[in-house]
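These are the residues of each chain, in order.
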Amino acid sequence: MTALLAAIAAGAVVVTATVDIAKHLFKNVLKKTGKTARLYGVVWTSAGFVVGVVYCIGWQLNLAPQAMKLIPALASSTRLSGVGGQFITGLVIGAFSRFGHEILDALSKRNP
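Only a predicted model underlies this, so the values are computations on that prediction, with no experimental measurement involved.

**Q** Pulling in residues and values, what's your account of the overall build of the chain?
**A** Scanning the chain from N- to C-terminus turns up four helices and zero strands. In the chain, the succession of helices and strands from N to C terminus is α-α-α-α. Every one of the 112 residues in the chain was classed for burial, and the buried ones make up 25%. The contacts of the chain with a sequence gap of at least 6 include a subset with a gap of at least 24, amounting to 74%. If you sum the accessible surface of the chain, you get close to 7600 Å²; carbon and sulfur atoms cover 69% of it.

Given below as structure tokens:
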């Protein structure tokens, strides 16, 4: 379980860094369009999910079988052993990346 969470956390940090780099590159472009802050948050939250899925499919990272082994009733299932598992893994890592972004943002504000 610990190794699974560590792998998810490491992937989330990579996704967070990628989305932050993209955010800083396109910051001026989005300001010129006059979009609201609400839309701005939705775009970058969605970008985390997309980047997570792209990374997991591109690197063929699939943590779903390891997660399913933790549940005895699902341990013998092979349903998520392919691209579907990579997609689910990407969504999970994308969700964790948003949480990781909030933590890193709070830490950076605390230590100027």
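**Q** Just give me the short version of the packing of aromatic side chains, but keep the residues and values in it.
**A** Within this structure, the stated rule accounts for one aromatic pair. Where Y55 meets W59, the ring centres are 4.6 Å apart and the plane angle is 15 degrees; that geometry is what we call stacked. For Y55, a relative accessible area of 23% corresponds to the partly exposed category. A relative accessible area of 58% places W59 in the exposed class.

**Q** Can you lay out a nonpolar patch on the surface for me, pointing to particular residues and giving the numbers?
**A** A surface patch of nonpolar side chains, about 950 Å² in accessible area, is lined by M1, L5, I57, L70, I71, L74, V83, F87, I88, V92 and F96. Ranked by residue count, the leading element in the nonpolar patch is helix α4 (residues 83–110), at five residues. Considering the arrangement of structural elements, one finds I57 in helix α2 (residues 37–58). Take I57: its relative accessible area is 36%, and that puts it in the partly exposed class.

The rules we used
- Residues numbered from 1 in each chain as written.
- Predicted model: local features only at pLDDT ≥ 70, side-chain atom pairs only at ≥ 80, totals over all residues.
- Heavy atoms only, no water.
- Helix = DSSP H or I, 4+ residues; strand = E, 2+ residues; numbered from the N terminus.
- Buried < 20%, exposed > 50% of the residue type's maximum accessible area, 1.4 Å probe, protein only.
- Contact = heavy atoms within 4.5 Å.
- Areas by Shrake-Rupley, 256 points an atom, 1.4 Å probe, with all protein chains shown as cover.
- Phe/Tyr/Trp six-rings, centres within 6.5 Å; stacked < 30°, edge-to-face > 60°.
- Patch = residues over 30% accessible without salt bridge, like charges linked within 9 Å, V, L, I, M, F, W, Y side chains within 5 Å.
- Salt bridge = Lys/Arg side-chain N within 4 Å of Asp/Glu carboxyl O.

Function cannot be inferred from these measures alone, as they are strictly geometric.
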